[in-house]
Amino acid sequence: MGSGHDPATSLRSGTPPVNTNLLAAPPRRLALALLAFGWTGIASAFTVSLTPGTRALYLDVGNGSYSGTYTSGGTPQNNSTINVVSVTVPAAAVGNGVAQAMTSNSTQSTSYYDGFAFCSPPAQVYVGGFYRQPGLTGTASLTATAPTSLTNPSGDTIAFNRISWTSTGAGDTGAEVIPAGTFTGGTQTLATFGNNSWNESCHTFSYANTTTPAAGTYTGRVTYTLSAP
Amino acid sequence: MKFALLLSRCVLMAFLASCATIVRAATYPVDDRASTPYAGIGKMQWDAPTGKRGAAPSTLTGRIAVQTRLDVRAWKHRMGRIYLTLQNTPLGPLSTSWTTRGRLLPGSVRAGERTLVYSGPIDTDVLEDELLLTIKADGRRLVRTEQLDFSFEIDVN
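Residues numbered from 1 in each chain as written. Chains lettered and ligands numbered in written order. Predicted model: local features only at pLDDT ≥ 70, side-chain atom pairs only at ≥ 80, totals over all residues.

1. Here's the deal with the overall build of chain B
Applicable threshold: The helix and strand labels rest on DSSP assignments: H or I over at least four residues marks a helix, E over at least two residues marks a strand, and numbering proceeds from the N terminus. Residue burial is a threshold on neighbouring C-beta atoms within 10 Å of the residue's own C-beta, all placed from the backbone, with 20 or more meaning buried, 12 or fewer meaning exposed, and counts in between meaning partly exposed. Two residues form a contact once the distance between their C-beta atoms, set from the backbone, is within 7 Å.
Across its full length, chain B carries one helix and ten strands. The helix and strand sequence of chain B, counted from the amino end, reads α-β-β-β-β-β-β-β-β-β-β. Evaluated residue by residue, chain B yields a buried proportion of 27% over its 157 residues. Sequence-distant contacts, at least 24 apart, represent 77% of the contacts inside chain B between residues at least 6 apart.

Listed below in structure tokens is the structure:
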């Protein structure tokens, strides 16, 4: 029995009465069985609750603010700046059909995605942001809402669809995520952001210069909106 | 008569030895009811993206410390191997890793599996350590609050 004694001895030392009565008293055998079963019944565990990631939208048109960058775990900030895109058409060129490049007062060159120098202001205006929510589905829609016309203080107008933009970005190849277009006067969809994705482009605006409006300064505001259901 | 008695004792000894063998080979749950996940569980945060520019991450990371107290007095003076087990979850691939203060082993475990956290003599009534768990989950699957159930079990020599 030699070395085989150790475990048996160890078992007996913990429960001596059980060994002596195991064969002699069947009811106690049952008790032992129950005890063994109860032992495995000391089920215990600790539980950790996992909460879904927060739903988030961020849109930056022109100058924006961010603490750090997205890739470094930064946090989007509010920026109330409304940038201006403008052009002064020389009197001799008014209505000659040669598109006039517009410029902006934006200074936003870097992408808050990672700090990369993505746009070239003031000619280019940064447009970008992200959308994410828990789950497999869901998209966000980027729209621009422009009035029908730009107006001057005298009430003269220039149709907003005289203003277009091209789209690019440093290092980009292929189609831009927020592509080129022309304002339609009203609300139009510029892009759809997939779930858990950062999208950005640099827009360069131009005035078509195909009409001869009354002299003056014409203004109109375009509002960009990123929304998700 | 004496021979019969001796034989019955031998049978008894053999039975007990086989019982002992069965007990040794089994795996037992370890009572960890005294363990306490610290309050103020960190919320799951989206991970910073890696790889292709513009591709946002779909993984979430959360961290929690658990003051772990394992009642191992039932196996005192024996050799044992203690494992941390993570029950299966509907969350799909899930990564959990942890560090310790040294009494238990650091490691990682996937859902439905177990990982060794202690191997050696059981020389105390309670094994105590602090586990700092780091949990990574797929944000596309984690759409509501979910529970992760951990437990400890021991293989006794």
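2. Some details on the overall build of chain A
Across its full length, chain A holds three helices and 16 strands. In chain A, once contacts between residues fewer than 6 apart in sequence are set aside, the share between residues at least 24 apart is 66%.

3. As for the nonpolar core
Basically, it comes down to this: Joined through C-beta atoms within 7 Å, a set of buried Ala, Val, Leu, Ile, Met, Phe, Trp, Tyr and Cys residues constitutes a nonpolar core.
Val72(B), Ile82(B) and Ala137(B) are the most contacted members of the largest nonpolar core, which has 32 residues in total. Within the residue set of this core, elements represented by two or more residues are strand S1 (46-50) of chain A together with strand S4 (59-71), strand S5 (79-86), strand S8 (114-121), strand S9 (126-138) and strand S10 (146-156) of chain B. For Val72(B), the contacting residues outside a window of four places in its chain are Val30(B), Ile122(B), Asp125(B), Val126(B), Leu127(B) and Ile154(B). Counting 30 residues, the second largest nonpolar core, distinct from the first, contains Val61(A), Met102(A), Tyr131(A) and Trp165(A).

4. Describing the environment of Gly112(B)
By the secondary structure assignment, Gly112(B) is in the loop between strand S7 (107-110) and S8. Spatially, the C-alpha atoms of Gly112(B) and Thr89(B) are 7.9 Å apart, while their sequence positions differ by 23 residues.

5. Some points on the sheet that holds strand S16 (residues 223-227) of chain A
What links the strands of a sheet is backbone hydrogen bonding, and the strands pair in either a parallel or an antiparallel sense. Residue and element names in this part refer to chain A. Rule in force here: If DSSP finds at least two bridges between two strands, the strands pair. Every axis corresponds to a line fitted to the C-alpha atoms, with the helix fit spanning only the stretch in contact, and the corresponding angles, defined between N-to-C directions, vary from 0 to 180 degrees.
Across the sheet, which stays open at both edges, the three strands sit in the order S14-S9-S16 with antiparallel pairing between neighbours. Each end of this open sheet is capped by a strand with a single partner; those strands are strand S14 (186-194) and S16. Strand-to-strand twist of the sheet, defined as the mean angle between neighbouring strand axes without regard to direction, takes the value 20°. In this sheet, S14 lies alongside strand S9 (residues 139-146) in antiparallel orientation, the contact comprising eight bridges. Looking at S14, one finds that Thr 143 is bridged to Thr 189.

6. Details of the environment of Ile135(B)
Position of Ile135(B) among the secondary structure elements: in strand S9. Its 21 C-beta neighbours within 10 Å are what place Ile135(B) among the buried residues. Separated by 75 residues in the primary sequence, Ile135(B) and Leu60(B) place their C-alpha atoms 8.0 Å from one another. In contact with Ile135(B), not counting residues within four places along its chain, are Val48(A), Leu50(A), Thr61(B), Gly62(B), Thr96(B) and Leu148(B).

7. Points about the confidence of the model for chain A
Put simply, the rule reads: The predictor reports its confidence for every residue as pLDDT, a score running from 0 up to 100.
Per-residue confidence for chain A gives a mean pLDDT of 81, with 81% of residues at or over 70. Low pLDDT, under 50, characterises residues 1-42 of chain A; the predicted model gives this stretch 20 contacts beyond four residues in sequence or across chains.

8. Some remarks on the pairing of strand S15 (residues 197-207) of chain A
All names here are of chain A. Most of S15 sits inside the fold, with nine of its eleven residues counted as buried. Inspection of the sheet shows strand S6 (residues 100-101) paired to S15 by two bridges, in the antiparallel sense. Along S15, the bridge assignment pairs Ala 101 with Ser 206. Where strand S8 (residues 124-132) lies against S15, eight bridges are found, and the strand directions are antiparallel. By the bridge assignment for S15, Gln 124 is matched with Thr 204.

9. Looking at the pairing of S5(B)
Moving residue by residue along a regular strand, the side chains alternate between the two faces of the sheet. Residue and element names in this part refer to chain B. Most of S5 is tucked away: six of the eight residues are buried. Note: S5 against S8, seven bridges, orientation antiparallel. When the sheet's bridge partners are listed, Ile 82 is paired in S8 with Tyr 118. Alignment of S5 against S10, held across seven bridges, turns out to be antiparallel. Each bridged residue has a counterpart across the sheet, and for Leu 84 the counterpart in S10 is Phe 152.

10. Description of the environment of Ser95(B)
Residues and elements named next belong to chain B. Mapping Ser 95 onto the fold places it in strand S6 (residues 95-99). Ser 95 sits in the partly exposed class, given 15 other C-beta atoms within 10 Å. For the pair Ser 95 and Asp 138, spaced 43 residues apart in the sequence, the C-alpha separation amounts to 9.4 Å. Setting aside chain neighbours within four positions, we find Ser 95 in contact with Ser 108, Arg 110 and Lys 136.

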